[in-house]
Each structure stands twice: as C-alpha cells, then as structure tokens.
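# Chains, contacts and geometry: an overview
The residues making up each chain are set out below.
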Amino acid sequence: MRILVVEDEHDLAGAVAAGLRREGYAVDVAGDGRSALDRLGVHAYDMVCLDLNLPDADGLDICRHVVSTPRPGDGTAEAPRILVLSARDRVEDRIVGLDHGADDYLVKPFALGELTARVRALLRRDTNAGSAVLRWDDIELDAARHLARIGDRELDLTPKEFALLRFLLLHPDEVHSAERLLEHVWDEHADPFTNTVRVTISNLRRKLVEASGRQPIETVTGRGYRLVAGG
C-alpha cells in the first residue's frame, strides 16, 4: 500500500517514513502543501499522513482537497484514507480535523507503534479483513508481526514481496495490472520502465510453490495477476 507523509519537520518526516517502510509500505514524503498537492495529482495514494501546521498551507485545506478529489490513474473516485498527525491537541481541534474529512487523528508526540497500528486499521476498513491478520484460502499474513505462511509453512519474504502479498490479500477478487501494482506497492522512485513488478511476482510465486507445491497467483493474459484458490 502506498502512503504520502506530509510533514515539514524533516527529522520527524524521516522517522515516520522509515518506520512505515519497515512495515512494508511504499512511502513518499512532502515537506509542504504545494509538493503534497503535486504528488496527490499524480499518484493514487492509499493513505495520507498529514501534518496540519505546514509552512505554506493549512493542513485542513489539504484534507478538504484530498476528500473531494478523485485519485488519479486507478479508475476510482474514492479518496485515500487520511491520518492527521498534529500538535493541535485540544478536543475542538480533533473534532474540526475529523469534520474536515480525516479518518483518524493522532496527537504529537506519538509512539511509532501506535502510528503503524492505526495505519493498519485504516487500510483494512474497505476490505473484509477484521484484524491485522489477513487470511485467504490457505494463505495467512500477520501484518503486525510481519509473518506470512501458506498452509503450515512459514514464508521467508523480502519486505517488497511481503507488501505485494499483502496488497493481493487485501484485494483477493480483483485482477491487478502491473501498472496498478507499481502504483500501490512501490514508491515514486520506482522506474516504471523496468520489469521490477514481474521479477517480484516471479520471486513471490517461486516461494509460494516451494512452500506449498501449488501456485496461488494466476496470470490473466493481457490484464495482470490475481489470487486463485487451490491453484
């Protein structure tokens, strides 16, 4: 899943981005409102972690823009989830933030563990997942403990393979093009002209087959990839 961190404090932005990347998320960082709007106009983010006190804009204006503007490139009008990260700690501030479209509000300073737990919870909202553990057929992925297994075999996955499997499990009934996977699982530094998606899919498939003797990721010719039960 792809996240935009909008935060003008460089050290905090770096710490948040590093923590989210350790969880397997693709993360871009914007240090002000203008660069945030520029990125939001290009990339279909799944979530925005948004500071309200930006040097060139009020984060509430960014929040309103996010909820009223369709995500680019992925064919859906649904806005990304918004998690406000702000030093504005009054109850009234939290109410205003939520009424402007934020899905959650976390007051600074905060623990990174709580941030990542809230991110996991928000990204599950539009899926059938009720907890940090995703299950589909005989595949199980524990996002909180960063563990994945198929059947009774644990999978030794790289962070990007883990993130790719998590995205597939969150959308198990859909066919995903390479372009959509690149948009949601990789960050803005990924080269769209490389075969990075195909290579990562190939490596993930190999590990699934080695662990289970079957192939749960199907290629749909001309369209992309999807999960299949009992493949």
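Check the entry above for the structure.
Read on for a plain summary of the structure. (Residues numbered from 1 in each chain as written. Predicted model: local features only at pLDDT ≥ 70, side-chain atom pairs only at ≥ 80, totals over all residues. Heavy atoms only, no water.)

### A word on the pairing of strand β8 (residues 147-150)
Residues Ala-148 and Ile-150 point to one face of β8 and are all buried, whereas Leu-147 and Arg-149, pointing to the other face, are not buried. As paired elements, strand β7 (residues 139-142) and β8 share four bridges and run antiparallel to each other. What sits directly across from Glu-140, in β8, is Arg-149. Hairpin remark: β7 followed by β8, antiparallel, with four residues in the connecting loop; positive phi at His-146, about 55°. The pairing of β8 with strand β9 (residues 153-154) spans two bridges and is antiparallel. Residue pairing in the sheet places Ile-150 in a bridge with Arg-153 of β9. Counting the residues between successive antiparallel strands, the hairpin from β8 to β9 contains two residues, one of them, Gly-151, with a positive phi of roughly 60°. (Buried < 20%, exposed > 50% of the residue type's maximum accessible area, 1.4 Å probe, protein only. Helix = DSSP H or I, 4+ residues; strand = E, 2+ residues; numbered from the N terminus. Pairing = 2+ DSSP bridges.)

### Digging into the pairing of strand β3 (residues 47-50)
A regular strand carries its side chains on alternate faces of the sheet. Neither face of β3 is exposed, since Met-47 and Cys-49 on one face and Val-48 and Leu-50 on the opposite face are all buried. Examined bridge by bridge, strand β1 (residues 2-6) and β3 share four bridges and lie parallel to one another. Bridging across to β3, Val-6 finds its partner in Leu-50. With four bridges connecting them, β3 and strand β4 (residues 81-86) associate as parallel partners. Its bridge partner being in β4, Val-48 is matched across the sheet by Ile-82.

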